[in-house]
Amino acid sequence: MNAHTQQFNQPPHPNGTAARHGRLFIVSAPSGAGKTTLCNAVLEKLPALSYSISHTTRPPRPGEQDGVDYFFISEQEFKKNIDNHVWAEYARIYDHYYGTSARFIDRQLSEGKDILMDIDYKGARQILDRYPDSITIFIMPPSFEALKNRLVHRGTDCPKIIAKRLAAAEQEMANKKFYQHVVINDALPAAIQALTAIIAHPDAG
Ligand code: 5GP
């Protein structure tokens with residue numbers, strides 16, 4: 001049975017109605033589009049929404065906590081987990097691996113919990129193959145210049161890495177056409193409201 005059929009063959013709920021299955025909300029954005037701030041604000045507004053904490057082989061940035069921002073693991077462990085089919089999706093981005101635990105996703109969905117995932121477009125495609133009724137949302141920076149300024153002022157990456165991220169951002173932005181929703185992050189409160197509305201009412205309009 002694949003994940004899709006599983007979603008529609010749920011056991012009946014004790015009160016006679018089918019148990020509600022959770023939904024996946026995939027958020028992608030070029031780095032510097034303000035996605036983390038936006039996602040954190042939406043998670044605060046929608047406390048029932050679970051956040052999928054990714055695993056990565058990249059080193060933590062200052063202030064990042066293991067088990068909160070990411071699970072930081074070695075490349076050896078990550079590759080072992082590829083072989084053991086641990087990942088619902090994974091990608092290699094900027095010389096590091098990033099992946100989502102299939103067990104976490106499946107457990108949350110079967111418990112009826114909606115999940116917010118912050119993953120790149122390669123991961124988004126894999127998740128859509130596996131969970132076809134996922135909702136995809138692309139966060140756009142107001143302009144390429146704004147993106148560059150944010151990356152420089154964030155001060156977390158050296159110029160070489162920033163150049164790499166900008167090149168990847170251009171590639172990533174070209175993928176926005178594959179997403180069901182696009183939210184432009186030019187004014188944070190409006191963007192928070194737009195993203196919250198999509199997640200709270202995914203089937204509206
Ligand atoms: P950062 O290193 O800036 O935290 O994230 C770099 C990129 O990796 C972002 O585009 C982010 O969405 C993506 N990313 C984070 N976690 C995952 C994951 O589990 N899977 C995939 N495919 N991408 C991820």
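In what follows, the structure referred to is the one given above.
A brief report on the enclosed structure follows.

Parameters at a glance
- Residues numbered from 1 in each chain as written.
- Predicted model: local features only at pLDDT ≥ 70, side-chain atom pairs only at ≥ 80, totals over all residues.
- Heavy atoms only, no water.
- Near = heavy atom within 4 Å.
- Polar contact = N/O pair within 3.5 Å; in protein donor to acceptor, adjacent residues only side chain to side chain.
- Areas by Shrake-Rupley, 256 points an atom, 1.4 Å probe, with all protein chains shown as cover.
- 1 Å grid on protein atoms, 1.4 Å probe; cavity = no way out; pocket = protein on both sides within 12 Å on 5 of 7 lines; lining within 4 Å.
- Sits in = over half its atoms within 2 Å of the grid points.
- Helix = DSSP H or I, 4+ residues; strand = E, 2+ residues; numbered from the N terminus.
- Buried < 20%, exposed > 50% of the residue type's maximum accessible area, 1.4 Å probe, protein only.
- Pairing = 2+ DSSP bridges.
- Contact = heavy atoms within 4.5 Å.
- Axes fitted to C-alpha atoms, helices over the stretch in contact; angles between N-to-C directions.
- Points joined across faces, edges and corners; volume = space filled by probe spheres on them.
- Nonpolar A, V, L, I, M, F, W, Y, C, P; charged D, E, K, R; others polar.

**Remarks on the site of the ligand**
Around the ligand sit 18 residues in total, of which Ser-54, Arg-58, Tyr-70, Tyr-98 and Asp-118 are the nearest. Between the ligand and Glu-89, the relevant distance is 2.8 Å, taken from a nitrogen atom to a side-chain nitrogen or oxygen of the residue. At a separation of 3.3 Å, an oxygen atom of the ligand approaches a polar side-chain atom of Thr-100. With the chains in place, 94% of the 510 Å² that the ligand exposes on its own is no longer accessible. Using a 2 Å cut-off from the grid points, one finds that the ligand occupies the largest pocket.

**What about unusual backbone geometry?**
In this structure, Tyr-94 is a non-glycine residue whose phi angle is positive, near 45 degrees. Within the secondary structure, Tyr-94 is located in the loop between β5 (87–93) and β6 (96–101). Among the residues examined, Tyr-94 registers a relative accessible area of 23% and is labelled partly exposed. Positioned with a positive phi, Asp-95 is a non-glycine residue whose angle comes to about 70 degrees. Mapped onto the elements, Asp-95 comes out in the loop between β5 and β6. The exposure class of Asp-95 is partly exposed, given its relative accessible area of 46%.

**Overview of the sheet that holds strand β8 (residues 135–140)**
The five strands are arranged β2-β7-β1-β8-β9 in an open sheet whose pairing can be described as parallel. Each end of this open sheet is capped by a strand with a single partner; those strands are β2 (50–51) and β9 (181–184). Helix α2 (residues 35–45) contacts β1 (24–28), β2, β7 (115–118) and β8 of the sheet and is inclined by roughly 170 degrees relative to β7.

**Focus on the layout of surface pockets**
Considered as a void within the structure, the largest pocket measures approximately 1,000 Å³ in volume. Along its surface, the largest pocket is lined by 42 residues, and Lys-35, Thr-36, Arg-61, Tyr-70 and Asp-118 are the ones closest to its centre. Those elements giving two or more residues to the lining of the largest pocket turn out to be α2, β5, β6, α5 (121–130), α6 (144–154) and α7 (159–173). It is α7 that contributes the most residues to the lining of the largest pocket, six residues altogether. The class makeup of the residues in the lining of the largest pocket is 16 nonpolar, eleven polar and 15 charged.

**Side note on the environment of Lys-164**
Tracing the backbone through its elements, the reader meets Lys-164 in helix α7. On the basis of relative accessible area, Lys-164 is assigned to the partly exposed category, the value being 38%. It is 24 Å that separates the C-alpha atoms of Lys-164 and Val-183, two residues lying 19 residues apart in sequence. Lys-164 has contacts with Tyr-94 and Asp-95, leaving out every residue within four places of it along the chain.

**Quick look at the pairing of β5**
Burial runs high along β5: five of the seven residues are buried. Of the strand pairs in this sheet, β5 and β6 are connected by six bridges, and their pairing is antiparallel. The partner of Ala-91 across the bridge, within β6, is Tyr-98. From the end of β5 to the start of β6, which pair antiparallel, there are two residues, and Tyr-94 there has a positive phi angle of about 45 degrees.

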